[in-house]
Amino acid sequence: MITYESVTKTFGAGRTAVHALREVSFEVPEGEVVVLLGPSGCGKTTTLRLTNRLERLTSGRILLQGRDIGGMNAVGLRRRMGYVIQEIGLFPNQTIARNIAQVPRLLKWPKSRIEERVDEMLRMVNLEPGTFRDRYPAELSGGQQQRVGVARGLAHDPEVLLMDEPFGAVDPINRARIQDEFLALQARLKKTVLFVSHDIHEAVKMGDRVALFREGRLSQYDTPEALLTRPKDRFTAEFVGADRALKVLGLLRVRDVMEAPDTAGPEPGEEGPSLHREDLLREALSVMLLHEETELPVLDEEGNREAVITYRAIQSKLSGMAERDGETDR
Ligand SMILES: Nc1ncnc2c1ncn2[C@@H]1O[C@H](COP(=O)(O)OP(=O)(O)OP(=O)(O)O)[C@@H](O)[C@H]1O
């Protein structure tokens, strides 16, 4: 767990002082992904750099597992963290293996352990070790380089992963794929992750929680669903976008709104359109619109009807969002 207590960071002094962070307090729970979200210059990167002490706090405290990082040895602290940055930051004149092994080498791991670890990390990010180990960064696509960046950040098995717009430089299709891969990886590894993004779509997809910043202040700290359905003020409502109801549909799943079927008992081999519990509400609504249905069966793995989903249930899940919009506009 990482705790931020009234974290304040001012660059410079006097008339030229820049207040990058003002009295920011929040907690990053163990094993969760917290996305730091907000417009350019709101203090996201500064928060990361304070966390691994690349920058010094002006006032406040940051605690790692309850201990003030200010009192820790900076090198020791950084060994407990992995850092993945936007520009990938691979050394162009070093092989992929050597790039990934950077921190384990600094930690003086035995050579054989490093080699094993490099291959393990390459497999973990879906790059075949035999193909990629001895290549140079320029011989890889942007998406492949980004995977190497993630592999490098995780190579020494840090407790905490700091990711600064890690997939920002990748085209949208590959970006979605790398995001999915990272989520699958995180479901296994359960690292404590701080993930900087300025993209609301990415934030609600990747975050267990989202910290929305505005001009150095923490504007709202909530789950993606709460941020979309219950924005605290006009700034948040505008930042998450007028189409936030659609974003909620891309976040919630059929299991979140399905109901017990009227007709009891299994009905194998059901004809016509149907859904599964893990489908997104966006897909559910799309199927309803295409087939002009307001109710659809939800089938289990064996094809038996386990529940139904209705248009009305989806609507009621979203109801209240519009009134809240009204409130925030006042
Ligand atoms: N070393 C520095 N010296 C002076 N000002 C700085 C320094 N680093 C950051 N700042 C300023 O602090 C503020 C917050 O910067 P920060 O990089 O944390 O923003 P950000 O939210 O990460 O923005 P972006 O999305 O553009 O990366 C900005 O006004 C920035 O110009």
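The name recorded for the protein in an unreviewed UniProt entry is Carnitine transport ATP-binding protein OpuCA, from Kiritimatiella glycovorans. UniProt, in the comment section headed Sequence similarities (unreviewed entry), describes the protein in these words: "Belongs to the ABC transporter superfamily."

S.K.: Could you clarify how one ought to interpret helix H7 (residues 142-154) in this entry?
M.R.: Residues lying three or four places apart along an α-helix face the same way, a consequence of the helix completing one turn every 3.6 residues. Taking 1.5 Å as the rise per residue, H7 with 13 residues should run 18 Å; its terminal C-alpha atoms sit 19 Å apart, in good agreement. Of all 13 residues making up H7, 11 are buried, and the element is well covered by its neighbours. Looking at H7, one finds that the buried residues are Gly143, Gln145, Gln146, Arg147, Val148, Gly149, Val150, Ala151, Arg152, Gly153 and Leu154. Among the structural elements, strand S6 (81-85), helix H3 (96-100), helix H4 (102-106), helix H5 (111-124), strand S7 (160-164) and helix H8 (172-189) are those in contact with the buried residues of H7.

S.K.: I would appreciate a short explanation of the site of the ligand in the present structure.
M.R.: Looking at the ligand, the residues that line it are Phe11, Val18, Ala20, Pro39, Ser40, Gly41, Cys42, Gly43, Lys44, Thr45, Thr46 and Glu165. Note that an oxygen atom of the ligand is positioned 2.7 Å from one of the backbone N or O atoms of Gly41. Within the complex, 59% of the 630 Å² of free accessible area of the ligand lies under protein. Only strand S2 (18-28) and helix H1 (44-51) provide two or more residues apiece to the shell around the ligand. No other element matches the 3 residues that H1 contributes to the shell around the ligand. Tallied by class, the residues present in the shell around the ligand amount to 5 nonpolar, 5 polar and 2 charged.

S.K.: Where do I start with the sheet that holds strand S5 (residues 67-68) in this structure?
M.R.: Neighbouring strands of a sheet are bound in pairs by backbone hydrogen bonds; such pairs are parallel or else antiparallel. Across the sheet, 4 strands lie side by side as S2-S1-S4-S5; this open sheet has antiparallel pairing. Two strands in the sheet have a free side with no partner beyond their single neighbour: S2 and S5. Taken together, the 2 bridges between strand S4 (residues 59-64) and S5 define a ladder with antiparallel strand orientation. Residue pairing for S5: Leu64 is matched across the bridge by Arg67. Lying over the sheet, H1 contacts strand S1 (2-11), S2 and S4, oriented at roughly 115 degrees with respect to S1.

S.K.: Sorry if this is basic, but what is going on with the pattern of salt bridges here?
M.R.: A side chain with one charge can pair with a side chain of the opposite charge if their charged atoms come near. Taken as a whole and assessed by the stated rule, the structure comprises 17 salt bridges. Put simply, Arg49 and Glu55 hold a salt bridge, and the shortest N to O gap is 3.4 Å. Residues Glu278 and Arg255 are paired through a salt bridge, measuring 2.8 Å at the closest nitrogen-oxygen approach. Here the residue Glu278 occupies a position in the loop between helix H13 (254-257) and helix H14 (281-291), and Arg255 occupies one in helix H13, the gap between them amounting to 23 residues. Glu278 gets classed as partly exposed once you look at its relative accessible area, which sits at 40%. Residue classification places Arg255 among the partly exposed residues on the basis of a relative accessible area of 38%. Bridged by salt links that share partners, the residues Lys9, Arg49 and Glu55 form one connected network.

What counts, and where the lines are drawn
Residues numbered from 1 in each chain as written. Predicted model: local features only at pLDDT ≥ 70, side-chain atom pairs only at ≥ 80, totals over all residues. Heavy atoms only, no water. UniProt positions renumbered as here; feature names shortened; annotations may be inferred. Helix = DSSP H or I, 4+ residues; strand = E, 2+ residues; numbered from the N terminus. Expected span 1.5 Å × (residues − 1). Buried < 20%, exposed > 50% of the residue type's maximum accessible area, 1.4 Å probe, protein only. Contact = heavy atoms within 4.5 Å. Near = heavy atom within 4 Å. Polar contact = N/O pair within 3.5 Å; in protein donor to acceptor, adjacent residues only side chain to side chain. Areas by Shrake-Rupley, 256 points an atom, 1.4 Å probe, with all protein chains shown as cover. Nonpolar A, V, L, I, M, F, W, Y, C, P; charged D, E, K, R; others polar. Pairing = 2+ DSSP bridges. Axes fitted to C-alpha atoms, helices over the stretch in contact; angles between N-to-C directions. Salt bridge = Lys/Arg side-chain N within 4 Å of Asp/Glu carboxyl O.

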